[in-house]
Amino acid sequence: MTSVPNDKSWEDGSATPIGTYWTPPVAISVDELDPLIENAIELRLGNVGDANPYDIYVAGAFDMASCAPAGDFIVAIDKNNGRARGIFRGESLGKPSQLSFDGDIDVAFVDLYERSRDQGYLF
């Protein structure tokens, strides 16, 4: 899976690519999450107080044109029922969203990118 939402963004060679790319997702523990993000994810998943019911993945997001950091994508996979929730943390905290998820973490990250872009957090 590519970490560039549009592989054709720089194929024509005439323009600087625009948009956002992200690093490969890395699994992290709940203890590594910012408490604000942990709370937002737990509330969205409806698992407040449950003992670690989800797997958490994070990927750094970068602007293609400048290579400047744009923020982080955080995706939580609910182990109990196979749901995915995600949030984008940039200059401001995005809205937690239910994501498309068919067992493939990459599908969830692409959906989170698209939602974050549609909400105006990214290009």
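Provided above is the structure to which this section pertains.
Quantities reported herein were computed from a predicted structural model and do not represent experimental measurements.

Q: Give a description of the environment of N81 that names residues and reports values.
A: Position of N81 relative to the elements: it lies in the loop between β4 (69-78) and β5 (84-89). A sequence separation of 27 residues divides N81 from Y54, and the C-alpha atoms of the two residues are 9.7 Å apart.

Q: Please give an account of the pairing of β4 that cites residues and values.
A: Most of β4 is tucked away, with seven of its ten residues classed as buried. Inspection of the sheet shows strand β3 (residues 54-63) paired to β4 by nine bridges, in the antiparallel sense. Note that in β4 the partner of V58 across the bridge is I74. Here six bridges tie β4 to β5, and the two strands are oriented antiparallel to one another.

Q: Describe in detail the environment of S29, supporting the description with residues and values.
A: Residue position: S29 is located in the loop between β2 (26-28) and α1 (35-45). Relative accessible area serves as the criterion here: at 31%, S29 is assigned to the partly exposed category. In the structure, S29 is positioned 26 residues away from D55 in sequence and 7.6 Å away in space, judged by C-alpha atoms.

Parameters at a glance
Residues numbered from 1 in each chain as written. Predicted model: local features only at pLDDT ≥ 70, side-chain atom pairs only at ≥ 80, totals over all residues. Heavy atoms only, no water. Helix = DSSP H or I, 4+ residues; strand = E, 2+ residues; numbered from the N terminus. Buried < 20%, exposed > 50% of the residue type's maximum accessible area, 1.4 Å probe, protein only. Pairing = 2+ DSSP bridges.

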